[in-house]
Amino acid sequence: MTGKERLRKILRHQKADRLSWTALVDSNTLNHLPENLRGNGGLDFYRYLGCDIFLLNGWGLPHELRSPEWKWPDFVRQEYRQDGSKTIRDWQTRGGVLTAIWDRGHPVKYPVDSRETIRAYYEMWEGMEFVWRDDSMEYKKIEEKIGDDGVMTRFWGPSAIPMLLENDMGVENFYYFLFDYHDEMDALIKLIHSKMLKAFECLANGPWESVTLCENTSTYYISPEIYGKYNMPHQRDFVELMKKNNKTAILHMCGHVRDILHLIKETGCDGIHALTPPPTGNTPSLRPPSTARTPAPPRTLWWARETWAMRGWTIRRSPTGGWIISSRAKATASSRKCPKSATSPWA
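Being a predicted model, the structure only gives us computed values, none of them experimental. (Residues numbered from 1 in each chain as written. Predicted model: local features only at pLDDT ≥ 70, side-chain atom pairs only at ≥ 80, totals over all residues. Heavy atoms only, no water.)

1. Quick word on the pairing of strand 11 (residues 271–275)
The buried fraction of strand 11 is high, at five of five residues. Pairing of strand 10 (residues 248–252) with strand 11 involves three bridges; the strand directions are parallel. The residue of strand 11 that forms the bridge with His252 is His273. (Buried < 20%, exposed > 50% of the residue type's maximum accessible area, 1.4 Å probe, protein only. Helix = DSSP H or I, 4+ residues; strand = E, 2+ residues; numbered from the N terminus. Pairing = 2+ DSSP bridges.)

Structure representation (structure tokens):
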């Protein structure tokens, strides 16, 4: 099988000829590689490794997917400016200016930081719309560059709760607001999700075969209780809309999720992307099923180790029929093939 054929089988829960393993790199990695491996946003490097390609959107490529397009109401003006290493974004609204600041890409000030800004933010979302755009041409260009070596998944998100936690409120503000102004926050969360259902519909009607919702979920910032009450039902709505339109529904979960695996399973998702073992995450990749303390996750897993170079692949069959892959140690670029001894089934 080609990489494309293999991954398409796996995404449809069908039997493939063998394990599929993939890699994902960005400019921080590519800039340290030999010149001949830097091309096509990482595609040349993947082909050198001999892995299949599971590309998130047009990762590293000059192709932009627009749908769903964010459209704020006319009374909202969005302005960006740069101050040294800091990027500043102002939302000019009827209720005042909501300012976000990032330093070298990391948030240092969140736009929603008071009860007044909650109200202004709510009004923004009342008039907000997601608009469908035809991405078929850009998708075709991305697929042509990947060729028979793999597939692209539409990578979009996050949904309401991680968006508030990571982007617009921050963890501290979110939890203070949730307990101090519970009714207002509950109404805001419901409003945002009602709008995002339209975004999910746009994604479900795109030309791609799979959609990965980028959640970055972690119990470092969300408790099982909050996840079960808000985030999980939102993800379940996403999954149901994807499946209704014959799309494979994947959740990107690169944080500490071991304690909510049983809740993630309730979403009905087809797989988890970037399920991460220690030290970055906390979901062990080598724990035998007989001693596992948490229920098995969905059938298809992309097990991640957040390092660019990997050698000594550890591969096990999951209890539910999918595959689990992680790395044991650092590697060199010459580690092209997974050692045969690492492919023993996990009984």
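2. Considerations on the layout of surface pockets
Considering only enclosed or pocket space, the second largest pocket measures out at about 650 Å³ in volume. Residue lining of the second largest pocket: 19 residues in total, with Trp70, Gly157, Pro158, Met163 and Asn167 positioned closest to the centre. Mapped onto the lining of the second largest pocket, the elements with two or more residues apiece are strand 2 (69–71), strand 3 (77–83), strand 4 (86–93), strand 8 (150–156) and helix 6 (160–168). It is helix 6 that contributes the most residues to the lining of the second largest pocket, four residues altogether. For the lining of the second largest pocket, the residue count by class is eleven nonpolar, four polar and four charged. (1 Å grid on protein atoms, 1.4 Å probe; cavity = no way out; pocket = protein on both sides within 12 Å on 5 of 7 lines; lining within 4 Å. Points joined across faces, edges and corners; volume = space filled by probe spheres on them. Nonpolar A, V, L, I, M, F, W, Y, C, P; charged D, E, K, R; others polar.)

3. Observations regarding the packing of aromatic side chains
Taken as a whole and judged by the stated rule, the model has 15 aromatic pairs. Ring centres 5.3 Å apart and planes at 80 degrees place the aromatic pair Trp72 and Trp125 in the edge-to-face group. Linking Trp72 in the loop between strand 2 and strand 3 with Trp125 in helix 4 (residues 115–126), this pair joins segments that are 53 residues apart in sequence. Members of the aromatic cluster, joined through ring pairs, are Trp70, Trp72, Trp91, Tyr121, Trp125, Phe130, Trp156, Phe200 and Phe238. (Phe/Tyr/Trp six-rings, centres within 6.5 Å; stacked < 30°, edge-to-face > 60°.)

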